[in-house]
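# An overview of the molecular structure
The primary structure of each chain is shown beneath.
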Amino acid sequence: MVHKTEALFRDDAYLRTADAMVVAVNDRGGIILDRTIFYATSGGQPGDTGTLERPDGSLIAVAATITGETKDEIIHVPPPEQSAPVVGERVKLAVDWQRRHLLMRMHTACHLLTVVCPFPITGAAVSEDDSRIDFDIPDASFTKEGVTARLMELVRADHRVFTRLITDEELAANPGLVKSKNVRPPVGTGKIRLVCIGENASIDSQPCGGTHVKSTGEVGEIHVGKIEKKGRENRRFRIRFGPMPAA
Ligand SMILES: [Zn+2]
C-alpha cells in the first residue's frame, strides 16, 4: 500500500520540529508518517537526517530519508538495530538543522549558478560542503573567477526566493523554464512548483521540489572551486562555501 505523506517542508523549509503520527513501518524498518519535515532524497538534494522522539522520550535516529513507490510516500530510514515505533504512535520530529541549512544554502547556490551559466543541465548533486552541476556549454570562456564574481553579485543583491504553483498548461506554454536536459518535471498532477528568484521572478524561475533559503543573501560566501571538462561540450562546475582560495 502506498501512503501519501504531507510534505510540510514544501510550504516552509524552515520547520525544524513538528509532530506526526506513524502510519506504517515497512518490512525493512522504514517509518512512514502522516506528515513530515524531512526532505526525501530527490533532484540531486540528499534527504534529511535527524530524530523521531517517541512518547516515552526515547529517540529513533533517522539516518536517511527517501521516497517510496511514489514521490508522495516519504520513508524515514533508521539505522539497523533500532526499536521500531508502532502504527498510530505519535512522534516528535527534529531535523538535523545545521546540515539541512547548509543543503538549503548550497541548493540555492546551484540555482544561482544556472542563472550565471544559462545552459542545459545534464546532472547535479548537492552536498553540505561541495556541489556540482554539469552543463552542456558550447563555449569554453567561463573561468572560476568570472563565474564566482557573478555568483557573489547575485548573493550580495539579496534577492527574494519564493515558490509559485503553475499548471501543466502554463509549463507547456513556457518550455524555457525547464533547464534540465534529462529530467522533466512530473506533469499530470495539475500543479508544478516553480522556484522563483527576484521580484516577479526577474532573476530566475524553474520547476524544483527541493528546499531553498528565503533570500540569496542567506547563501553566504561561495566560490567555484573547479571547472572540469567532462566531454567535448560538457563542463562540471563545483561550488564550495567560503572565499576563493588564493591561487
Ligand atoms: Zn531547487
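The chain is annotated in an unreviewed UniProt entry as Alanine--tRNA ligase of Mesorhizobium tianshanense. What the UniProt record of the chain gives under Subcellular location (unreviewed entry) is the line "Cytoplasm".

### Overview of the coordination of the zinc ion
Only H107 (NE2), H111 (NE2), C208 (SG) and H212 (NE2) from the protein coordinate the zinc ion, and they sit 2.0 to 2.2 Å from it. If you look at the zinc ion, its 4 donor atoms make angles of 99 to 124° with each other, and the shape they trace is tetrahedral. Mapped onto the sequence, the donors of the zinc ion take the spacing H-x3-H-x96-C-x3-H. Of this pair, H107 sits in helix α2 (residues 97-116) while H212 sits in the loop between β14 (204-207) and β15 (222-229), and the two are 105 residues apart along the sequence. Taking the relative accessible area as the measure of exposure, H107 reaches 4% and is therefore buried.

### Some details on the sheet that holds strand β16 (residues 234-241)
One open sheet holds the 4 strands; their spatial order is β10-β11-β16-β15, and the pairing between them is antiparallel. Of all strands in the sheet, those bounded by a partner on one side alone are β10 (121-125) and β15. The mean angle between the axes of side-by-side strands here comes to 20°, regardless of whether they run parallel or antiparallel. Looking at chain direction, β15 and β16 are connected through 7 bridges and run antiparallel. Bridge pairing in β16 links H223 to R240. Set on the sheet, α2 makes contact with β10, β11 (130-136), β15 and β16; between it and β16 the angle comes to about 140°.

### Some details on the layout of surface pockets
The computed volume of the second largest pocket comes to approximately 190 Å³. Along the wall of the second largest pocket there are 16 residues; nearest its centre are A13, V161, T163, R193 and H212. Elements supplying a minimum of two residues to the lining of the second largest pocket: α1 (8-11), β12 (161-167) and β13 (191-197). Two domains each donate at least three residues to the lining of the second largest pocket, and these are domain 1 (6-95) and domain 2 (100-241).

### Details of the packing of aromatic side chains
Counting across every chain of the model gives 5 aromatic pairs. With centroids separated by 5.4 Å and ring planes inclined at 80°, the aromatic side chains of F9 and Y39 adopt a geometry described as edge-to-face. Here the residue F9 occupies a position in helix α1, and Y39 occupies one in the loop between β4 (35-36) and β5 (50-53), the gap between them amounting to 30 residues. Pair check on accessibility: F9 and Y39 agree, each one buried. Through a chain of ring-to-ring contacts, three or more aromatic side chains come together here, namely F119, F135, F142 and F237. Taking the ring centre of F241 as reference, the NZ or CZ of R105 above it sits at 4.2 Å. We note R160 situated over the ring of F162; from NZ or CZ to the ring centre the distance is 4.1 Å.

Procedures and definitions
Residues numbered from 1 in each chain as written. Predicted model: local features only at pLDDT ≥ 70, side-chain atom pairs only at ≥ 80, totals over all residues. Heavy atoms only, no water. UniProt positions renumbered as here; feature names shortened; annotations may be inferred. Donors = N, O, S within 2.8 Å, 3.2 Å for Na, K, Ca; no water. Tetrahedral: all angles 85-135°; square planar, octahedral: opposite > 155°, others 65-115°. Helix = DSSP H or I, 4+ residues; strand = E, 2+ residues; numbered from the N terminus. Buried < 20%, exposed > 50% of the residue type's maximum accessible area, 1.4 Å probe, protein only. Pairing = 2+ DSSP bridges. Axes fitted to C-alpha atoms, helices over the stretch in contact; angles between N-to-C directions. Contact = heavy atoms within 4.5 Å. 1 Å grid on protein atoms, 1.4 Å probe; cavity = no way out; pocket = protein on both sides within 12 Å on 5 of 7 lines; lining within 4 Å. Points joined across faces, edges and corners; volume = space filled by probe spheres on them. Domains from an automatic or database assignment. Phe/Tyr/Trp six-rings, centres within 6.5 Å; stacked < 30°, edge-to-face > 60°. Lys NZ or Arg CZ within 6 Å of the ring centre and 35° of its normal.

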